[in-house]
Structure formats: C-alpha cells, structure tokens
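# Residue-level structure breakdown
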Amino acid sequence: MSDVKKTGKAGSVKNDLLRAIPKVDEFLGWIEGTVEAPLSMVKSVVRELLEERRQAILADKPIRLADLARGVLEPVFEQKLTRKMAPNFRTVINGTGVVVHTNLGRSPLPESAMEMLLQVGSRYSNLEFDLETGKRGSRYSLVEDLLCELTGAEAALVVNNNAAAVLLVLETMAAGREVVVSRGQLVEIGGSFRIPDVMEKSGAILVEVGATNRTHPRDYQAAINDNTAMLLKVHTSNFKVIGFTSEVPVEDLVKLAGEHSLPVMEDLGSGCFVDLSRFGLAKEPTVQEVVASGVDVVTFSGDKLLGGPQAGIILGKRRYIDKIKKNPINRALRIDKFTLAGLEAILRLYFDEENIFSTIPTLAMLSQSRETIDRRAKRLLRRIQKPLAEYCRVTVVDVESRVGGGALPEQGLASRAVALAPVVGTVSKLEKVLRGASQAVIGRIEDDRFLLDMRTVADGEVADLARCLGDAFLEAKE
Ligand SMILES: *Cc1c(COP(=O)(O)O)cnc(C)c1O
C-alpha cells in the first residue's frame, strides 16, 4: 500500500517541488552583482538555503511551488547572508541589572583602558623589553609596582584568571602536602570551578576542618602536622551561611599559622579596592585590609569588582611571590598584552580615588542612585511610550539589581526598570526577538512583563535600545 502512495499523486507533487528548487549556479546568477560578500561565503549560504528547502520537501513540510520562486528565496538568502557576515562575538545591551554578569563579559572597560588596548594592540610594545637596560624584560613588572603601591603588598603577579591564580599558588606552595580549609568554604563558583577539585589538580591534599556552619581555631590547630603546607581561607562568594555560624577571623588564622611557621592564603574571589558599604552593600574587607591583616598570599579576579579585564591577581610576601613566579606552570597561565594594557589603565585610575565611581564603569553602575537610574528609565520611556502604544504598555517599576560575579549574593540594590507588557504577541516572543536582534538586548521576564533594569544600561545605549525595541515589536507582531 505504502509503495502505491509514494509513486502516486503525492509522490509526483514532491518530485515537481524538488525539480523546482533552483540549482546553485542558477541562484548565483540571480544575485550576481547585488551582494558584497566573499564568494565562498555566498556559495555556502546559497547551498544551505537550497538544502533546507530540499529537506523540508522530503519531510513533507507544507511547501508550495510559489515558495520556491526567486522573489521568495532571494530575501531569505539576504537575511541569512547578513546573519552569517555579522560577527559571532558582539555586543549586547545588558538589561538584567546584574552588574558583574559572567555570561555577558563581566566588567565593561573604561575608555582609557580601550585606548591603551588599541595602542599596544596595533603596534609593537615593550611587553618584554626593558627600555632602560635594553635587555629582555618581564611583562609582570609593568603592573607589579602599581599593584603594590595600591594595596600595600610586597610583591605581585598576574595570571589569566583567578582560577589559574589559585591553581598556581597551591601547586607552588603545597603540591604533595596538606592544605587546611574550613568545610564552610569548599565552594563551587560555577563553570566547574570547585575548590576541592582545583586543589586536587594542583596536587595539594585537602584537609577539611570544622562543620559546614561553624569552624573554630581549635579545628585548624588540631589539623596541623608535619606535612601541613598552609592554611587556606576561601571567600564563600556566591552563597551565605546564616543562623548559627562561626568563622575564624583571618587575623586569628594568621596568628595560628605564625605559631607553626606556616603561610596563610586567602582566595578573595571578587577583590575590591574600595569599601562599597556606603552604597548600601554589606561591609566586605578590601584587598588592602586583607593584605594588612598579614595574609601571606591573596588572590582575586581582575574583572569582578575591580572592574578590569579578565585576570587573576596574586599579591603577597616577596618570598612566596618569587617562588610562584619561577613555577614553570606560570608560563602556561600568563596574561597577554591586551590584558596587561587594560589592567594597567584600570590600576592607574585607582590612584585618582575621588573619581573612580565615575571613571570605572563597574563601580559607576554599583554606586548609582535609584534616582539616577530612574531618570534614565524615564528617558527610555519617553522615547518608546507613544511609538509603541499599539503594541505594549510601558511603565517604570521598582526592581532590585544584583552585584553578580559571585559577590554579595544576598544583596539587592534598589533600582528602576522599564517594564513592557505586550498587548500584541507574547512576552516570550518579544524576549526571543530582542535576544536574536543584530544589537541583542537581554532582559528578564517577570509577571508576564519584559523587564529592563536600567542600572546596567549605559546612557549612550538608551537611543539604541529604543530603536531595538521598535524593531522587535515590528518583528514580534509578524
Ligand atoms: C570567581 C571566583 C573564582 C574564579 O575566578 P575567575 O576569575 O572567574 O577565574 C575563584 N574563587 C572565588 C572565591 C571566586 O569568587
């Protein structure tokens, strides 16, 4: 029976459709002289388009002869080509309100850092050349003094990211020996960075002490033996233990370690040079305070609260940093010239302490008042309310932004968002269209509304955002 069906009427329609698909060369003839793109890319898009149609016909999708006409296929081709020619790696407008958003590139860099990047990126530089002696230099020396001056540390080293920093320090100082950590600090940061796993990879032996919620000095004391290499403190970053809890203050750890001539390392996660508590955030020790407390080695990220490029910063006593610098693994974890350029620019901004809340974008966003954000939200509202009136209801609402980057997990920052409630189409369609737009816009859906937290939208992005929203509604309507 089925054989009869295939060779019957339905089968011949299918064959007619297949025959109606233009050949690649025929299609190329149609568009000759109309597109500006490398021929190889044009060809691959044409092949992909025609193959899609062929597969759709074979799968009995509802396709008619008219769907294969030049007038229908050409616009689809143009759309596909535009998409293929656009860079895969591109900017997004962050309407999530998460300031240090790991998936969206963490910290946007300030102008001065971008200028440095452009300069050293497009020309030769003294990356590893000492201009005074004319001899080979060290890339690390370009930022070491700045880091030491800013933090009070004796010495410094910078590697690819903080995960690399932790790995490198543990491998250098504790491979084959024991590292004592509180059970309350064995965190998973995300992206498969887990303290116990990193420690295993470094060759260090993890010795857990205390309980999840409480660890006492006597717990560390009891774990110390001849094979102990160091005491480690890890910032719990993305979670909080509340209730009946107790952590050993870092000063006490330093004192205890000193009695046994052992070093103390602290993985700070989001190291911050300034106290953010005046903006309503919890008081966290600054990097300078941690260094001053006598911790021997401190590590933190360059692109979290510091607001710079991705990097892992290692500060500490010279005798340890010197050893870490000489570790051959260091070569595999080293930073490139772009990171160095961005980092040096950021560090220089910190010397002008009065202005960091305007010069460093991450700090500017964290410190913005609800009123400032409200004004930006209203600017967007004024641009879109009337033009979009037939598609959606636009309001400005209260929301809470997040610091992100695993820092201060429980803390919300009072903020304002533009809320769009579509009257045509669905909110999920709107979200999808904005996400896929050539200038992607990322927000979140809450109570059937699309929310754009204006804390993480730059002033310079408001006009662009208004245009994106207009385009998206035209598309979402279809
Ligand atoms: C974020 C974080 C890391 C990892 O830092 P990256 O710079 O992302 O590699 C390590 N430890 C802690 C405590 C963190 O918060």
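This is a predicted model, so every value here is computed, not measured.

### Description of the overall build of the protein
Within the protein one finds 20 helices and 16 strands. Dimensions along the principal axes, computed over C-alpha positions, put the protein at roughly 90 × 60 × 50 Å. For the protein, the proportion of its 478 residues judged to be buried stands at 47%. Taking contacts inside the protein between residues at least 6 apart in sequence as the whole, the part at least 24 apart equals 74%. Carbon and sulfur atoms make up 51% of the accessible area of the protein, which amounts to about 24,500 Å² in all. In the protein, 63 positive and 64 negative side-chain charges are present, and the distance between their average locations comes to 5 Å.

### Some thoughts on the packing of aromatic side chains
In this structure the tally under the stated criterion is six aromatic pairs. Through successive ring pairs, a cluster of aromatic residues spans Phe27, Trp30 and Phe77.

### So, the sheet that holds strand β3 (residues 155–159)
An order of β3-β11-β10-β9-β8-β4-β7 is seen for the seven strands of this open sheet, with the pairing classed as mixed. Either end of the sheet is taken by a strand with one partner, and the two such strands are β3 and β7 (205–209). Each adjacent strand pair in this sheet contributes to an overall mean axis angle of 25 degrees, direction not counted. By the bridge criterion, four bridges tie strand β4 (residues 178–182) to strand β8 (residues 228–234) in an arrangement that is parallel. Across the sheet, the residue bridging to Val181 is Leu232, located in β8. Its contacts with the sheet place helix α7 (residues 141–151) against β3 and β11 (312–316), and it is angled at close to 120 degrees to β3.

### What about helix α13 (residues 318–326)?
For α13, the complete set of buried residues consists of Tyr320, Ile321 and Ile324. Each buried residue of α13 lies within a common arc of 95 degrees when the element is viewed along its axis, so the set occupies one face. Turned more than 90 degrees away from the buried face of α13 sit Arg319 and Lys326, all of them exposed.

### A look at the pattern of salt bridges
Once the charged atoms of two side chains with opposite charge are near each other, the side chains can pair. Overall, the coordinates contain 30 salt bridges when judged by the stated rule. Taking the shortest distance from any N to any O, the salt bridge between Arg379 and Asp459 comes out at 3.3 Å. Taken together, the positions of Arg379 in helix α18 (residues 370–384) and Asp459 in the loop between β16 (449–453) and α20 (462–477) put the pair 80 residues apart, joining distant regions of the chain. On the accessibility criterion, Arg379 (31% relative accessible area) is partly exposed. Under the relative-accessibility criterion, Asp459 is labelled partly exposed at 44%. Each of Arg370, Asp374, Lys378, Asp398 and Arg416 takes part in salt bridges that share partners, so that together they form one network.

### Quick notes on the side chain of Asp374
One can find Asp374 in helix α18. In this structure, Asp374 is in contact with Val396 and Arg416, ignoring residues within four places of it in sequence.

### Description of the environment of Glu251
Take Glu251: it is sitting in helix α11 (residues 250–259). A relative accessible area of 46% places Glu251 in the partly exposed class. Along the sequence, Glu251 and Glu144 sit 107 residues apart, while their C-alpha atoms lie 25 Å from each other.

### Concerning the environment of Gly412
You can see Gly412 is positioned in strand β13 (residues 407–422). By relative accessible area, which is 26% here, Gly412 ends up partly exposed. For the pair Gly412 and Ser401, spaced 11 residues apart in the sequence, the C-alpha separation amounts to 5.5 Å. Excluding anything up to four places from it in sequence, Gly412 contacts Glu400, Ser401 and Arg402.

### Details of the domain arrangement of the protein
Per the domain assignment, the segments making up the protein are domain 1 (2–85), domain 2 (92–102 + 364–477) and domain 3 (111–359). Of note, the centres of domain 1 and domain 3, computed from C-alpha atoms alone, are 56 Å apart.

### Some points on the packing of helix α3 (residues 24–31) against helix α5 (residues 70–85)
Viewed as axis vectors pointing N to C, α3 and α5 meet at an angle of 80 degrees, and their least axial separation amounts to 11 Å. The orientation of α3 with respect to α5, classified from their angle, is roughly perpendicular. Within the contact between the two elements, α3 uses Phe27, Trp30 and Ile31 and α5 uses Arg70, Leu73, Glu74 and Phe77.

### What to know about the pairing of β4
Across the five residues of β4, five count as buried, placing the element largely inside the fold. With burial as the criterion, each face of β4 is covered, one bearing Glu178, Val180 and Ser182 and the other bearing Val179 and Val181. Where β4 meets β7, five bridges bridge the pair, whose relative direction is parallel. When the bridges of β7 are listed, Val180 appears paired with Val207.

### So, the nonpolar core
Ranked by internal contacts, the top residues of the largest apolar core, which has 57 residues, are Leu147, Leu231, Phe273, Leu276, Phe300, Leu315 and Tyr350. If you tally residues by element for this core, the top one is helix α15 (residues 337–351), at six residues. Two domains share this core, each providing at least three of its residues, namely domain 2 (92–102 + 364–477) and domain 3 (111–359). Once you skip the residues sitting within four places of it in the chain, Leu147 turns out to touch Gly152, Ala156, Val158, Phe273, Ile313, Leu315 and Leu347. Judged by nonpolar contacts, the second largest core, of 31 residues, contains Tyr140, Ala204, Ile314 and Leu333.

Calculation notes
Residues numbered from 1 in each chain as written. Predicted model: local features only at pLDDT ≥ 70, side-chain atom pairs only at ≥ 80, totals over all residues. Heavy atoms only, no water. Helix = DSSP H or I, 4+ residues; strand = E, 2+ residues; numbered from the N terminus. Buried < 20%, exposed > 50% of the residue type's maximum accessible area, 1.4 Å probe, protein only. Contact = heavy atoms within 4.5 Å. Areas by Shrake-Rupley, 256 points an atom, 1.4 Å probe, with all protein chains shown as cover. Lys, Arg positive; Asp, Glu negative; His and termini not counted. Charge placed at Lys NZ, Arg CZ, Asp CG, Glu CD. Phe/Tyr/Trp six-rings, centres within 6.5 Å; stacked < 30°, edge-to-face > 60°. Pairing = 2+ DSSP bridges. Axes fitted to C-alpha atoms, helices over the stretch in contact; angles between N-to-C directions. Arc of directions from axis to C-beta. Salt bridge = Lys/Arg side-chain N within 4 Å of Asp/Glu carboxyl O. Domains from an automatic or database assignment. Parallel < 35°, antiparallel > 145°, perpendicular 65-115°, else oblique. Core = buried A, V, L, I, M, F, W, Y, C linked by side-chain atoms within 4.5 Å.

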